[in-house]
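# Report on the structure
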Amino acid sequence: MQYDPENIFAKILRAEIPNEKLYEDDHTYVFMDIMPRADGHCLVIPKTPARNMLDASPEQLAACIATVQKMGHAVMKAFDAEGVTIQQFNEAAGGQEVFHLHYHVLPRREGLPMRPPGTMADFDVLKDQADKIRAALA
Ligand code: AMP
């Protein structure tokens with residue numbers, strides 16, 4: 001399967017559509033998921049094209065995982081979480097909806113299930129949550 005440069009995360013990387021940015025380094029970019037399944041749900045993506053894990057280079061995967069770990073610590077601190085769930089889907093049959101490699105990072109608390117998918121966030125709430133995560137990264 002080909003990488004489509006018109007996917008929504010490629011547009012975010014090109015600053016063609018707004019997003020609530022949390023962090024970037026030379027190889028990765030992190031922003032809030034607009035339909036969060038937990039408070040603090042964010043997405044880690046490589047800055048270079050990869051459709052998903054199946055066509056990503058070892059270097060892209062390594063860079064993403066290092067940033068996933070960094071964001072795991074940050075969201076746990078920001079939300080006083082007890083754990084963190086990482087999700088990553090490959091191709092439609094694997095649950096993937098946006099075809100630019102991404103890792104979901106979700107802070108978790110014991111006994112609090114993830115919310116069902118598909119509900120748009122309130123953008124003021126999302127910004128407040130992003131502020132907490134940015135503060136935890138500082
Ligand atoms: P999946 O490809 O199944 O891992 O899901 C894609 C994820 O991207 C979902 O959690 C969506 O809520 C999220 N998403 C889709 N569009 C945007 C966007 N413009 N900004 C932030 N997150 C998005």
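See the structure printed just above.
Residues numbered from 1 in each chain as written. Predicted model: local features only at pLDDT ≥ 70, side-chain atom pairs only at ≥ 80, totals over all residues. Heavy atoms only, no water.

### Observations concerning the sheet that holds strand β4 (residues 83–87)
In spatial order, the strands read β1-β2-β3-β5-β4; together these five strands make up an open sheet with antiparallel pairing. Two strands close off the open sheet at either side, each with one partner strand: β1 (21–24) and β4. Going across the sheet, the axis of each strand differs from the next one's by a mean of 20 degrees, ignoring polarity. When β4 meets strand β5 (residues 103–108), the two strands line up antiparallel, connected through five bridges. Residue pairing for β5: isoleucine 86 is matched across the bridge by valine 105. Packed on one face of the sheet, helix α3 (residues 123–137) meets β1 and β2 (28–32) and runs near 30 degrees to β1. (Pairing = 2+ DSSP bridges. Helix = DSSP H or I, 4+ residues; strand = E, 2+ residues; numbered from the N terminus. Axes fitted to C-alpha atoms, helices over the stretch in contact; angles between N-to-C directions. Contact = heavy atoms within 4.5 Å.)

### So, the site of the ligand
In the vicinity of the ligand there are 16 residues, among which Asp33, Gly95, Glu97, His102 and His104 approach most closely. Between an oxygen atom of the ligand and a side-chain N or O atom of aspartate 33, the distance comes to 2.5 Å. The separation between an oxygen atom of the ligand and a polar side-chain atom of histidine 104 is 2.6 Å. In the complex, 89% of the free accessible area of the ligand, which totals 510 Å², lies under the protein chains. (Near = heavy atom within 4 Å. Polar contact = N/O pair within 3.5 Å; in protein donor to acceptor, adjacent residues only side chain to side chain. Areas by Shrake-Rupley, 256 points an atom, 1.4 Å probe, with all protein chains shown as cover.)

### A word on the pattern of salt bridges
The tally for this structure, following the rule as stated, stands at 11 salt bridges. Note that arginine 115 is salt-bridged to aspartate 39, the shortest N-O span being 3.2 Å. Linking arginine 115 in the loop between β5 and α3 with aspartate 39 in the loop between β2 and β3 (42–46), this pair joins segments that are 76 residues apart in sequence. By relative accessible area, which is 35% here, arginine 115 ends up partly exposed. Taking the relative accessible area as the measure of exposure, aspartate 39 reaches 38% and is therefore partly exposed. (Salt bridge = Lys/Arg side-chain N within 4 Å of Asp/Glu carboxyl O. Buried < 20%, exposed > 50% of the residue type's maximum accessible area, 1.4 Å probe, protein only.)

Everything listed is a geometric property; what it means functionally is a separate question.
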